[in-house]
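Chain by chain, the residues run as shown.
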Amino acid sequence: MATPSPSFRVVCVPAALAGADGWDRWAREMLRDGEIALLPAEGGLAAIDEVARGLGVLSVAVIRGEPDGERQERTVMDYAQALPLVWVGAGFTEAATGWARDRGPMTLLVETAGPLTDDQRRRIDRFVATLGRQSE
């Protein structure tokens, strides 16, 4: 049975998900029509493993690490391709903000240095719901 193509992508560090109460249930529901890719971060493979287990998946995509922030942003932009994107990060450069604003597919930038707050999760839920309504 073929896996359906995702309708959007999510990129974040593992710590943005893991650590918040109920993150696993929320993330599984939010990703029902999307796919996630994790950025390398503190915690290494153990943190990635925690997210994969919480999501109930055997594997999870990892965005390659780059030697500097500018190149890391470019790699995430390339990964997004033509799909809508939820990008969670500690901060974004003017170049990333401009790219997100000007690209055709919808893009949501969420700034956080730790686990997503309830307000940030609701913001992501609204974004994903909007994508779902557009595809109907």
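Residues numbered from 1 in each chain as written. Predicted model: local features only at pLDDT ≥ 70, side-chain atom pairs only at ≥ 80, totals over all residues. Heavy atoms only, no water.

Asks: Got a sec to walk through the overall build of the protein? Specific residues and values, please.
Replies: Tallying secondary structure elements over the protein gives 6 helices and 5 strands in all. Mapped from its N terminus to its C terminus, the protein presents α and β elements in the order β-α-α-β-α-β-α-β-α-β-α. In summary, the protein has a C-alpha radius of gyration of 14 Å against a globular reference of 14 Å for 136 residues, a match within 12%. Overall, the C-alpha framework of the protein stretches about 40 × 35 × 35 Å when taken along its three principal axes. Expressed as a percentage of its 136 residues, the buried residues of the protein come to 43%. Long-range contacts, defined here as pairs at least 24 residues apart, represent 56% of the contacts in the protein between residues at least 6 apart. Placing the 15 positive and 20 negative side-chain charges of the protein at their respective mean positions leaves the two points 4 Å apart. (Helix = DSSP H or I, 4+ residues; strand = E, 2+ residues; numbered from the N terminus. Rg over C-alpha atoms; globule rule 2.2 N^0.38 Å. Buried < 20%, exposed > 50% of the residue type's maximum accessible area, 1.4 Å probe, protein only. Contact = heavy atoms within 4.5 Å. Lys, Arg positive; Asp, Glu negative; His and termini not counted. Charge placed at Lys NZ, Arg CZ, Asp CG, Glu CD.)

Asks: Help me get a handle on the side chain of Arg103, residues and values and all.
Replies: Here Arg103 shows up in the loop between helix H5 (94–102) and strand E5 (107–111). The buried charged residue Arg103 lacks any salt bridge, with Asp78 as its nearest oppositely charged partner at 9.6 Å. A distance of 2.8 Å separates a polar atom in the side chain of Arg103 from the backbone oxygen of Gln81. A polar contact of 2.7 Å, which involves the side chain of Arg103, links it to the side chain of Thr107. Ignoring anything within four residues of it in the chain, the contact list for Arg103 reads Ala80, Gln81, Ala82, Leu83, Pro84 and Leu85. (Salt bridge = Lys/Arg side-chain N within 4 Å of Asp/Glu carboxyl O. Polar contact = N/O pair within 3.5 Å; in protein donor to acceptor, adjacent residues only side chain to side chain.)

Asks: How would you summarise the environment of Gln134 if you had to cite specific residues and measurements?
Replies: You can see Gln134 is positioned in helix H6 (residues 118–134). With relative accessibility at 53%, the residue Gln134 sits in the exposed group.

Asks: Now, about the sheet that holds strand E1 (residues 8–12): what can you tell me, with residues and values included?
Replies: Overall, parallel pairing links the 5 strands, which are arranged E3-E2-E1-E4-E5 in an open sheet. The sheet is open, and its two borders are formed by strand E3 (61–62) and E5, each paired with just one other strand. Note that strand E2 (residues 34–38) and E3 share 2 bridges and pair parallel. Looking at the pairing, Leu38 lines up with Val62 of E3. Where H6 meets the sheet, its contacts fall on E1, strand E4 (85–89) and E5, and the angle it forms with E5 comes to roughly 175°. (Pairing = 2+ DSSP bridges. Axes fitted to C-alpha atoms, helices over the stretch in contact; angles between N-to-C directions.)

Asks: Could you give an account of H6, naming the residues involved and the relevant values?
Replies: With 17 residues, H6 extends 24 Å between its outermost C-alpha atoms, agreeing within 8% with the 24 Å of an ideal straight helix rising 1.5 Å per residue. Turning to H6, its buried residues number three or more, namely Gln120, Arg121, Ile124, Phe127, Val128 and Leu131. Relative to the axis of H6, the buried residues are bounded by an arc of 120° and lie together on one face. In H6, the exposed positions angled more than 90 degrees off the buried face are occupied by Asp119, Arg126 and Arg133. Tucked inside the fold, the buried residues of H6 contact E1, helix H2 (23–30), E4 and E5. (Expected span 1.5 Å × (residues − 1). Arc of directions from axis to C-beta.)

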